[in-house]
Every structure is written in C-alpha cells, then in structure tokens.
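# Chains, contacts and geometry: an overview
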Amino acid sequence: MRISILALEGLFDTGLTVLLDAFALANKFSAAQMGGTPRFDVTLVGMRKRVRSGHGLLLPVQSVTPGLKPDWVIVPALSTGTAEQLLPALDRPDVRQAQSQMLAWHGKGARIAASCIGTFLVAETGLLDHQEATTTWWLGPLFRQRYPKVRLDESRMLVASDVGVTAGAAMGHLDLALWLVRNASPELATLVSRYLLADIRSSQAPYIIPNHLAQADPLIQRFERWARDHLATGFSLQAAASALATSTRSLQRRCQEVLGKSPLAYFQDLRVERAQTLLRGGGLDLESIAAQVGYADGATLRTLLRDRLGRGVRDIRGDLR
C-alpha cells in the first residue's frame, strides 16, 4: 500500500509521529512474521522544499513528482486548535496547493484519509460534500457552519465514506493508522495495537465537553446555563424557550445548526456529564445521582450512560482507581 502523508508547515507533531510509528511497527511485524505482506510504503510529501512542524522541527519531505501515485493520501492536523488560528491557515498558499494536489490524486483513484483538523482541509476541496464525516469534536460547530453539505457526526471516532475515511481529534491519528492497517490485515493491526497499548475506538463521546461546544453561539450558551440549572427538574422545550426569550422553533433550529442535535439531546449530554462527575466523586449511590440529574431511578440512568458512552457505571467509577 502506497501512502503519501501531506506534511504542511506547522502540522501537529503528535499526529504525524503516531502515524509514522504505527506504520513503521506494521512494516516491522509484517517482515518478521508475515513474509513482508502487507507492506506500507510511506512518504512525507511537502508543498514547499522546507517544511517545519508545529514545534519547529525540520521535516524530511519530498516534492510531488509525476511518478508519485499513492493509494492513500493522509492529511494530518495543523497545530491550529482554535477557529481564530485555523481559518487564516486554510487560505495559506501551501494549503490551497495541497488541496489541489488532493483533488488531482483523488481523480486518479487515490483515497483520502484525514484526522482532527486535517478534515477541514479535505472538506475545503468539496470532496466530503454529501458524505458522512467526523472531525475534532470541539470544532464541530465551526465545521458544521462552514461545510453544511457534509453529514457531520463528531461523536464518532472514525467514519468511512466513498472518499476514504475521516477520524476524530488529536490521538484519532492513531485510530486512523490502525484502521488502515486493519483494512490490509486484521491480524497485523491487532499486533500493532497491542504493542502500542491502543485499539480503534468507536466514539469521541466520552471526551466531549458540552460547555466548549456551547461557546460557539450566544443562544446556545444561554441555553446551556438554563439546562444546567434544570437538570434535576427535567427538560421542557417550552420552558427553555420562554426563559431565553425565543421561540421553540428558533431554539430547535439553532441547536441543530450549531450542535447537530436537538435541545433535548444536548440536555441529555449535560445530564451524562454531570452523572459522570458524581460517579467519579464516589460519595453517592446511583439512585441519588439519578435524582440529581432528573431521573426517577438508577436503572434509567444506567441505560443512558451505556447508550451514550458505551460504558457501565462500574467502568466510570473505576476511572480514578
């Protein structure tokens, strides 16, 4: 498998490193135990002759040549963790050149993979229009606003599509690498993941901080404050809209536009977050915690936590052990 990693100025060092390490381990174990098959031929491709990482390290990039025909193109994240940093970066000449090169490679059959903020670079090309995708969770509202044609679900860690695959935030680069290895050889991916003490995760949901998402919009910020004050008493769309001096339709529409979910779904996110905090505190039983977040019994809360996080009460309590 021929893999070209687009190395752009100021990329996220950790993202690049985990990609390179995962493929290097895969090649090592493939050679030692599987007769050299599969083999991952990885090249770092730069739009400039000299490219430095986010930490200022000089990267050994090669230029694009006619003979470079990757099966997969991977777009790592830039070290631009906020909208204020990211938006100007998307207009840089080297980033625009990289997007044109992506389109050219894709037109010749290459598939595109991206993680974290790298998904923004792919979305800019239009390749993700009408496709399912994920991205770094805290920039989900910005992604949704900028690329309304993309079917975004930032709660997922990995999303395959006709174009290729997108992955979630930061260490999602490792999930992405393991996914690519697994598609070539499940046995090899299992071996690599065990050496790295990592495995493909299906969801970003346990890591999402609802408050960070709410900051993308003034109305959603006010709704969040109202919701936190009413976790124990329960959700009422009409009561929330009245308290915020807006209509129920406007609140529903804004939640969908910014968060990609209904007001009730976001209210339940806050319930889950609060329940996790209380469970990790260790001082209350499940019934008491359920009452504090508006549920009549612990069984209902237990089901919600399992559905949202894929984890049980015992697992959550055990996080601090």
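Note that this is a predicted model, so its numbers are computed, not measured.

Calculation notes
- Residues numbered from 1 in each chain as written.
- Predicted model: local features only at pLDDT ≥ 70, side-chain atom pairs only at ≥ 80, totals over all residues.
- Heavy atoms only, no water.
- Salt bridge = Lys/Arg side-chain N within 4 Å of Asp/Glu carboxyl O.
- Buried < 20%, exposed > 50% of the residue type's maximum accessible area, 1.4 Å probe, protein only.
- Helix = DSSP H or I, 4+ residues; strand = E, 2+ residues; numbered from the N terminus.
- Contact = heavy atoms within 4.5 Å.
- Expected span 1.5 Å × (residues − 1).
- Arc of directions from axis to C-beta.
- Pairing = 2+ DSSP bridges.
- Right-handed = clockwise from strand over helix to strand, strands pointing away.
- 1 Å grid on protein atoms, 1.4 Å probe; cavity = no way out; pocket = protein on both sides within 12 Å on 5 of 7 lines; lining within 4 Å.
- Points joined across faces, edges and corners; volume = space filled by probe spheres on them.
- Nonpolar A, V, L, I, M, F, W, Y, C, P; charged D, E, K, R; others polar.
- Phe/Tyr/Trp six-rings, centres within 6.5 Å; stacked < 30°, edge-to-face > 60°.
- Lys NZ or Arg CZ within 6 Å of the ring centre and 35° of its normal.
- Polar contact = N/O pair within 3.5 Å; in protein donor to acceptor, adjacent residues only side chain to side chain.
- Axes fitted to C-alpha atoms, helices over the stretch in contact; angles between N-to-C directions.

Turning our eyes to something else, we now look at the pattern of salt bridges. For the coordinates displayed, the defined rule picks out 18 salt bridges. D91 is the partner of R96 in a salt bridge, and the nearest nitrogen-oxygen pair spans 2.7 Å. Under the relative-accessibility criterion, R96 is labelled partly exposed at 31%.

Quick look at the environment of F223 now. Tracing the backbone through its elements, the reader meets F223 in helix α9 (residues 218-229). F223 gets classed as buried once you look at its relative accessible area, which sits at 0%. Note: C-alpha distance between F223 and Q256 (33 residues apart in sequence) is 13 Å. For F223, the contacting residues outside a window of four places in its chain are F235, A240, L244, L251, C255, P263 and Y266.

Once that is clear, we can look at helix α11 (residues 248-259). In this model, α11 (12 residues) spans 16 Å end to end at C-alpha, consistent with the 16 Å of a helix rising 1.5 Å per residue. Taken together, the buried positions of α11 are occupied by L251, C255, V258 and L259. Seen from one end, α11 has its buried residues packed into an arc of 80 degrees, which puts them on one side. Looking at the buried positions of α11, the neighbouring elements they touch are α5 (140-146), α8 (210-214), α9, α10 (237-243) and α12 (263-281). Residue G260 follows α11 closely and has a positive phi angle near 75 degrees.

Two strands pair when backbone bridges link them, and strand β1 (residues 2-6) and strand β2 (residues 41-45) are joined in this way by five bridges, in the parallel orientation. Of the residues in β2, the one forming a bridge with L6 is V45. For the crossover from β1 across helix α1 (residues 13-33) to β2, the handedness is right-handed.

Moving on, we get to the layout of surface pockets. In this structure, the largest pocket occupies an estimated 480 Å³ of space. What lines the largest pocket is a set of 25 residues, among which A205, I208, K261, D269 and R308 lie closest to the centre. For the lining of the largest pocket, the secondary-structure elements that each account for two or more residues are α8, α12 and α14 (298-309). The element that contributes the greatest number of residues to the lining of the largest pocket is α12, accounting for seven residues. Class assignment of the residues belonging to the lining of the largest pocket gives a composition of 12 nonpolar, four polar and nine charged. What the second largest pocket holds in volume is close to 410 Å³. Lining the second largest pocket are 16 residues, and of these A83, P141, L142, Q215 and A216 lie nearest its centre. The set of elements that each furnish at least two residues to the lining of the second largest pocket consists of α2 (83-90), α5, α8 and α11. Classifying every residue of the lining of the second largest pocket gives eight nonpolar, five polar and three charged.

The final tally for this structure, using the stated rule, is 13 aromatic pairs. Judged by centre distance (5.6 Å) and plane angle (35 degrees), the rings of F23 and F40 are tilted. With F23 in helix α1 and F40 in the loop between α1 and β2, this residue pair connects regions lying 17 residues apart in the sequence. The two residues F23 and F40 agree in class, both being buried. When the centroid spacing of 5.9 Å and the interplanar angle of 80 degrees are considered together, the rings of W72 and W179 count as edge-to-face. Of this pair, W72 sits in strand β5 (residues 72-75) while W179 sits in helix α6 (residues 172-184), and the two are 107 residues apart along the sequence. The pair formed by W72 and W179 is uniform in burial state, with each residue classed as buried. Each member of the aromatic cluster is reached from another via a ring pair, and the members are F223, W226, F235, Y266 and F267. For R271, the ring lying beneath its charged end belongs to Y295, and the centroid distance is 4.4 Å.

Next up on the list: the side chain of R144. Take R144: it is sitting in helix α5. Polar contacts involving the side chain of R144 include one to the side chain of E154, which spans 2.6 Å. Sequence-distant contacts of R144, defined by excluding residues within four places in its chain, comprise L152, E154, Q256, E257, V258, L259 and G260.

Turning our attention to the sheet that holds β5. The six strands are arranged β2-β1-β5-β6-β10-β9 in an open sheet whose pairing can be described as mixed. Since the sheet does not close on itself, it has two edges, and those belong to β2 and β9 (158-160), each with one partner. Pairwise comparison of adjacent strand axes, ignoring direction, gives a mean angle of 20 degrees for this sheet. Sheet topology note: the strand β6 (residues 111-115)/strand β10 (residues 164-167) ladder contains four bridges and is parallel. In the sheet register, S115 faces β10, and the bridge partner there is A167. Packing against the sheet, α1 makes contact with β1, β2 and β5, and its axis sits at approximately 165 degrees to β1. Here helix α3 (residues 93-107) sits on the sheet in contact with β1, β2, β5 and β6, set at roughly 165 degrees to β1.

Keep in mind these values describe shape, not function.
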